[in-house]
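# What the coordinates show
Next come the chains, spelled out residue by residue.
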Amino acid sequence: MIGVIIASFLLIVSTIGLLYIMGKKLPVLLTYPAKEEGSSPKEDMKRLFAIMRDSKAMRQVSSPDVLVQNVLSKTRIVALKTESKTGRILENLRKKSQEKNSDSKFSDDYWKKLKQKKV
């Protein structure tokens, strides 16, 4: 029961506070003009589309030939970079395999020498 009384009291106090703030701010809000020139959503969209039409990116996309050229050139660059990295990896692998083959710890006649030592 006491909880209902406290909740009702808070509701009444908060409603009175909101009405007070609205009473203070309503005259200030009424002094603003109802509609400013040049700020309608329609005019904002027109300005946005004009900016987009004049942008460099839009000019590149609007022409299919230019777009295809750009895509192909970037693809070629990526392919060349990949080929270069693959070549370097292959060179390193070949060097490592040559080092393993040439720097063997055992000579060809190692087993012969070992047999002679045991006998």
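Residues numbered from 1 in each chain as written. Predicted model: local features only at pLDDT ≥ 70, side-chain atom pairs only at ≥ 80, totals over all residues. Heavy atoms only, no water.

### Things to note about the overall build of the protein chain
Heads up, the rule is: Runs of E in the DSSP output that reach at least two residues are strands. Runs of H or I that reach at least four are helices, and both are numbered from the N terminus. Using a 1.4 Å probe, the Shrake-Rupley method yields the accessible areas, and only the shown protein chains count as cover for residues.
Along its length, the protein chain carries 5 helices and 0 strands. Scanning the protein chain from its N terminus toward the C terminus, one meets helices and strands in the order α-α-α-α-α. Looking at the protein chain as shown, the accessible area adds up to about 12000 Å², and 65% of this sits on carbon and sulfur atoms.

### Quick look at helix α1 (residues 2-31)
The condition is simple: Take the number of residues in a helix, subtract one, and multiply by 1.5 Å to get its expected span. Relative accessibility under 20% of the residue-type maximum defines a buried residue, over 50% an exposed one, and the middle range a partly exposed one, all with a 1.4 Å probe and only protein chains included.
For α1, built from 30 residues, the straight-helix expectation of 44 Å at 1.5 Å per residue is met to within 8% by its first-to-last C-alpha distance of 45 Å. Of all 30 residues in α1, 0 are buried, a share of ten percent or less.

### Details of the confidence of the model for the protein chain
What counts here: As a per-residue quantity, pLDDT reports the predictor's confidence and falls between 0 and 100.
For the protein chain, mean pLDDT is 84; residues scoring 70 or higher make up 88% of the total. Per-element mean pLDDT across the protein chain ranges from 70 in helix α3 (residues 56-62) up to 94 in α1.

### Remarks on the pattern of salt bridges
Our working rule: The salt bridge definition used is simple: a Lys or Arg side-chain nitrogen within 4 Å of an Asp or Glu carboxyl oxygen.
For the structure shown, the criterion picks out 1 salt bridge. Linking D44 and R47 is a salt bridge whose minimum nitrogen-to-oxygen distance equals 3.1 Å. On the criterion of helical spacing, the pair formed by D44 and R47 is a turn pair, its members being 3 residues apart in helix α2 (residues 41-54). Given the relative accessible area of 35%, D44 is considered partly exposed.

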